[in-house]
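Notes for the structure review
So the chains spell out like this:
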Amino acid sequence: MAGVSSESLTKALTELEAKLPFASLQLAKELFGILGTVDSSAGLRRALTDPSRSGEEKSALIRQLFSGKVSTEAAEIVAGLASSRWASARDIGDALETLAATVVIAVAENKSAVSASGITGLEVLENDLFSFNQTVASSHEVQRALSEPQASAAAKINLAERLVPGASEEAKVLIGQAVAQPRGIKATRLVARFAELAAKRQQRWIATVTVARPLTDAQLSRLQSGLNSLYGRELKINVKLDPLLIGGIRVQVGDEVLDASVLTRLGELQRQLAG
């Protein structure tokens, strides 16, 4: 996904973020259900991505179709997607799939974030997804069963759950979605994509700190306290040494970079002089 579709997905994920602390698996299931409806109707996909229609018209269509059938929250999330611009009819479905999976991942994250670090729940989810893919990869019979076009979605979900009997409820939702509605790719590939989304979410809980010289225990303790306060969560800190920084510190949490190194300041000064 690129261009205008990528921008629309980024906007939707940003808006979804405020809802994630209170997310539920039911919301995710509703979003996946709406995705099934969108995927089953080429006419609906065209209507939702028609550049000649206004965003308000497309949002109204979603509300008309799903009002009373799903929660108001689910309908509004999809209405927001519909109001954005999409480069292709496929892209809006891909975006909706990403939002639904992100809700599931946030539920796993929230499980342990209350008492410790949300990284724990995400690790459990990733391990369950990885275990499923490993089990499928080890059996050609299972691979055939999951790709059998005549088999019902319920039968495939039942088989998938037997392959990972101890999996979390969040993992079961994502695995079930992948085997029942792979959307033109192998179920294991979609499960791997869900695992990648979980891994990316996990990076929000990890602070990679790059310094020119080793930190003392007291410095590390103050840094831990400061970063936890700044981000509002218990971060795991990984410290890397890089003498090329000369001095200062560089912190990366997810996609956000806080850079106060001497090297960066020198680079900024050079750019100012050149300008």
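Our structure's up above, just so we're on the same page.
This text gives an overview of the structure that appears in the document. Since we're looking at a predicted model, the values are computed, not measured. (Residues numbered from 1 in each chain as written. Predicted model: local features only at pLDDT ≥ 70, side-chain atom pairs only at ≥ 80, totals over all residues. Heavy atoms only, no water.)

Of the pockets and cavities examined, the largest pocket occupies roughly 750 Å³. What lines the largest pocket is a set of 25 residues, and nearest its centre among them are L13, K200, R201, R204 and D255. At the level of elements, α1 (3-17), α6 (89-113), α11 (187-202), β1 (206-211) and β3 (249-253) are the ones that each hand at least two residues to the lining of the largest pocket. Here the lining of the largest pocket takes seven residues from α1, the largest share from any one element. Broken down by class, the residue content of the lining of the largest pocket amounts to nine nonpolar, nine polar and seven charged. (1 Å grid on protein atoms, 1.4 Å probe; cavity = no way out; pocket = protein on both sides within 12 Å on 5 of 7 lines; lining within 4 Å. Points joined across faces, edges and corners; volume = space filled by probe spheres on them. Helix = DSSP H or I, 4+ residues; strand = E, 2+ residues; numbered from the N terminus. Nonpolar A, V, L, I, M, F, W, Y, C, P; charged D, E, K, R; others polar.)

The grouping of L220, V239 and L241 at the surface amounts to a nonpolar patch, some 240 Å² of accessible area in total. Relative to the elements of secondary structure, L220 occurs in helix α12 (residues 217-231). (Patch = residues over 30% accessible without salt bridge, like charges linked within 9 Å, V, L, I, M, F, W, Y side chains within 5 Å. Areas by Shrake-Rupley, 256 points an atom, 1.4 Å probe, with all protein chains shown as cover. Salt bridge = Lys/Arg side-chain N within 4 Å of Asp/Glu carboxyl O.)

With that settled, consider the nonpolar core. Core analysis: the biggest nonpolar cluster contains 65 residues, and L31, F32, L129, F132, L174 and I175 have the highest contact counts within it. Among the elements that take part in this core, α6 stands out by supplying twelve residues, more than any other. Those residues in contact with I175 that sit more than four places away from it in its chain are D128, L129, F132, A160, V164 and V191. Core analysis: the second largest hydrophobic core is formed by ten residues, A207, V209, L223 and V253 among them. (Core = buried A, V, L, I, M, F, W, Y, C linked by side-chain atoms within 4.5 Å. Buried < 20%, exposed > 50% of the residue type's maximum accessible area, 1.4 Å probe, protein only. Contact = heavy atoms within 4.5 Å.)

Bringing the pattern of salt bridges into the picture now. Inspection of every chain in the model, using the stated rule, returns 14 salt bridges. With its nearest N and O atoms 3.6 Å apart, the salt bridge here joins E97 to R183. With a gap of 86 residues between them, E97 in helix α6 and R183 in the loop between α10 (169-180) and α11 connect regions that are remote in the sequence. The two residues E97 and R183 agree in class, both being buried. Its salt-bridge partner being K111, residue E170 comes within 3.2 Å of it at the nearest N-O pair. Here E170 is found in helix α10, whereas its partner K111 is found in helix α6, with 59 residues between them in sequence. What makes E170 buried here is its relative accessible area of 3%. Accessibility expressed as a relative area gives 53% for K111, which makes it exposed.

Take helix α9 (residues 153-163) next. Turning to α9, its buried residues are K156, L159, A160 and L163. All buried residues of α9 fall inside an arc of 100 degrees around its axis, so they share one side. Summarising the geometry of α9, the exposed residues directed more than 90 degrees from the buried face are A154 and R162. (Arc of directions from axis to C-beta.)

On to the packing of aromatic side chains, then. Within the structure shown, the criterion is met by one aromatic pair. Between the aromatic rings of F32 and F194, the centroid separation amounts to 6.4 Å while the plane-to-plane angle is 55 degrees, which identifies the pairing as tilted. Remark: F194 occurs in helix α11 and F32 occurs in helix α2 (residues 25-40); sequence separation between them is 162 residues. The residues F32 and F194 share a single accessibility class, namely buried. A cation sits over an aromatic face here: R233 above W205, 5.7 Å from the ring centre. (Phe/Tyr/Trp six-rings, centres within 6.5 Å; stacked < 30°, edge-to-face > 60°. Lys NZ or Arg CZ within 6 Å of the ring centre and 35° of its normal.)

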